[in-house]
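# Architecture at a glance
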Amino acid sequence: MPELPEVEVVRRGLARWAAGRPVSGVEVLDARSTRRHDGGPAAFESQLTGRRLTAPERRGKYLWVPLAAPGGMALVAHLGMSGQLLISSPETPAQRHLRIRVLLEDPVGQGPDAPDAEPALELRFVDQRIFGGLFLDPLVPSADRADQLLPASVAHIARDPLDPYFDADSVHVRLRARKTGIKRALLDQGLVSGIGNIYADEALWRARLHYARPTETLNRGESARLLAAVRDVMEDALSQGGTSFDSLYVNVNGESGYFERSLNVYGQAGRPCPRCAAEHRDTVIVKDRFMNRSSAYCPRCQPVPRRARW
DNA sequence: TTGCTGACCTGCACGC
DNA sequence: TGCGTGCAGGTCAGCA
């Protein structure tokens, strides 16, 4: 399922294939995929048609493509659990869960019959579970950097660990001020963004921390170790093209990533812990139910804290 | 203000 | 074979 590294892979693909192209047509095949757009699918289609896409940007798992002036608007995408943004030929048969198609013309706008014209492309939003969607949103200044614009609906999202302006000390202070468990805090996109269930489990395993560790007991070194583990997991995933778990994630060209082969705890319940099973053969990864989802950890190298916040 | 829970949503695996 | 149930989980509204 798409998390930050997967969204970044998609952003790079859009920068390569979609930036600079004008939108000549939009078709919303499932209104639920534009439910976050004011005015519904018809307004989405009419307001996007005729606009030109510029360089895509990302914060956490939100991706947006600012539209060329006028208007200060952006096409915002969230992939939810199963969303895909694909670039394909308009003639390619529709995918099973195709929800929105956006026709992109030649970037120079010289018409399809010009000898050096690039062929038209289609940006397709495919989403099995319809947790994601596309919408248009006005751009507003970022709360901490007025020269940086982002969609209004993304303004409450914190910077992610791959952001050059990510402030680990500030996150440590805010973590200490919370009264909750560490995994619950990691999944709060208002505290630190881009972390989903898979990478939360993987980062906690790398940092040797149990998911129910109270945030107010973390010292500065432990916070730093955890945030470094988050960044390492994301960078590893990014270098391998993302996590292609259950085939619900592909890049804009429809190719899967390979990070799933590197997962140490997520989806590994019942298997030996890759770190400590060499010395203790009876150590296997455990899966708990947590926050209406699963949480995997090694009971030996991530022991349950004395004072846990479940 | 902060923390927590349930709803949204579909496809697959599994048991009967 | 067909049906029902549980599970997967990111985000947000609503409640305590």
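In what follows, the structure referred to is the one given above.
Read on for a plain summary of the structure. As the structure is a computational prediction, the values presented were derived from the model and not from experiment.

## A few points about unusual backbone geometry
Look at the link from Ala69 to Pro70: it is a cis peptide, with omega at 10°. Position of Pro70 relative to the elements: it lies in the loop between strand S3 (62-66) and strand S4 (73-78). The backbone of Ile130 shows a phi angle near 60°, a positive value even though the residue is not glycine. Note on placement: Ile130 falls in the loop between strand S7 (121-127) and strand S8 (133-141). Exposure remark for Ile130: the relative accessible area of 10% places this residue in the buried category. Not every positive phi belongs to a glycine, and Arg208 is a case in point at roughly 60°. Mapped onto the secondary structure, Arg208 falls in the loop between helix H5 (197-206) and helix H6 (220-239).

## So, the pairing of strand S11 (residues 293-297)
Taking burial as the measure, the 5 residues of S11 include 4 buried ones, the bulk of the element. Examined bridge by bridge, strand S10 (residues 286-290) and S11 share 5 bridges and lie antiparallel to one another. In the strand pairing of S11, Val286 is matched with Tyr297.

## Some words on the sheet that holds S3
Strand pairing within a sheet occurs via backbone hydrogen bonds; the two strands may be parallel or antiparallel. Strand order across the open sheet formed by 5 strands is S2-S3-S4-S8-S9, with antiparallel pairing between neighbours. Every interior strand has two partners, whereas the edge strands, strand S2 (57-59) and strand S9 (149-151), have only one. Averaged over all pairs of adjacent strands, the angle between strand axes in this sheet comes to 35°, irrespective of strand direction. Where S2 meets S3, 3 bridges bridge the pair, whose relative direction is antiparallel. Considered in S3, the bridge of Arg58 is made with Leu63.

## Structural notes on the packing of helix H1 (residues 4-17) against H6
At a closest axis distance of 8 Å, the pairing of H1 and H6 adopts a crossing angle of 45°. Judged by the inter-axis angle, H1 sits oblique to H6. Crossing handedness for the pair H1 and H6: right-handed. Where H1 approaches H6, its residues Leu4, Pro5, Glu8, Val9 and Arg12 are matched on the opposing element by Met234, Ala237 and Leu238. Across the contact of H1 with H6, the residue classes break down as 6 nonpolar, no polar and 2 charged.

## Some points on the protein's contact with DNA strand B
Contacts to DNA strand B come from Arg32, Arg96, His97, Gln128, Arg129, Ile130, Phe131, Arg178, Lys179, Thr180, Arg184 and Asn292. Taking the atoms of DNA strand B that fall within 4 Å of the protein, sugar and phosphate contribute 72% of them. Within the contact set of DNA strand B, a sugar or linking oxygen lies 3.3 Å away from a side-chain nitrogen or oxygen of Gln128. One of the side-chain nitrogen or oxygen atoms of Arg178 is found 3.1 Å away from a phosphate oxygen of DNA strand B. Taken together, the residues that form the surface near DNA strand B break down as 2 nonpolar, 4 polar and 6 charged.

## Observations regarding the protein's contact with DNA strand C
The local shell around DNA strand C holds 18 residues, among which His78, Met81, Phe131, Tyr266 and Arg289 are the closest. The separation between a phosphate oxygen of DNA strand C and a polar side-chain atom of Tyr62 is 2.7 Å. At 3.1 Å from a phosphate oxygen of DNA strand C is found a side-chain nitrogen or oxygen belonging to Ser294. Mapped onto the surface near DNA strand C, the elements with two or more residues apiece are S10 and S11. Taken together, the residues of the surface near DNA strand C sort by class into 5 nonpolar, 7 polar and 6 charged.

Cut-off values and rules
- Residues numbered from 1 in each chain as written.
- Chains lettered and ligands numbered in written order.
- Predicted model: local features only at pLDDT ≥ 70, side-chain atom pairs only at ≥ 80, totals over all residues.
- Heavy atoms only, no water.
- Helix = DSSP H or I, 4+ residues; strand = E, 2+ residues; numbered from the N terminus.
- Buried < 20%, exposed > 50% of the residue type's maximum accessible area, 1.4 Å probe, protein only.
- Pairing = 2+ DSSP bridges.
- Axes fitted to C-alpha atoms, helices over the stretch in contact; angles between N-to-C directions.
- Parallel < 35°, antiparallel > 145°, perpendicular 65-115°, else oblique.
- Left-handed = near helix turned anticlockwise from the far one by under 90°.
- Contact = heavy atoms within 4.5 Å.
- Nonpolar A, V, L, I, M, F, W, Y, C, P; charged D, E, K, R; others polar.
- Near = heavy atom within 4 Å.
- Polar contact = N/O pair within 3.5 Å; in protein donor to acceptor, adjacent residues only side chain to side chain.

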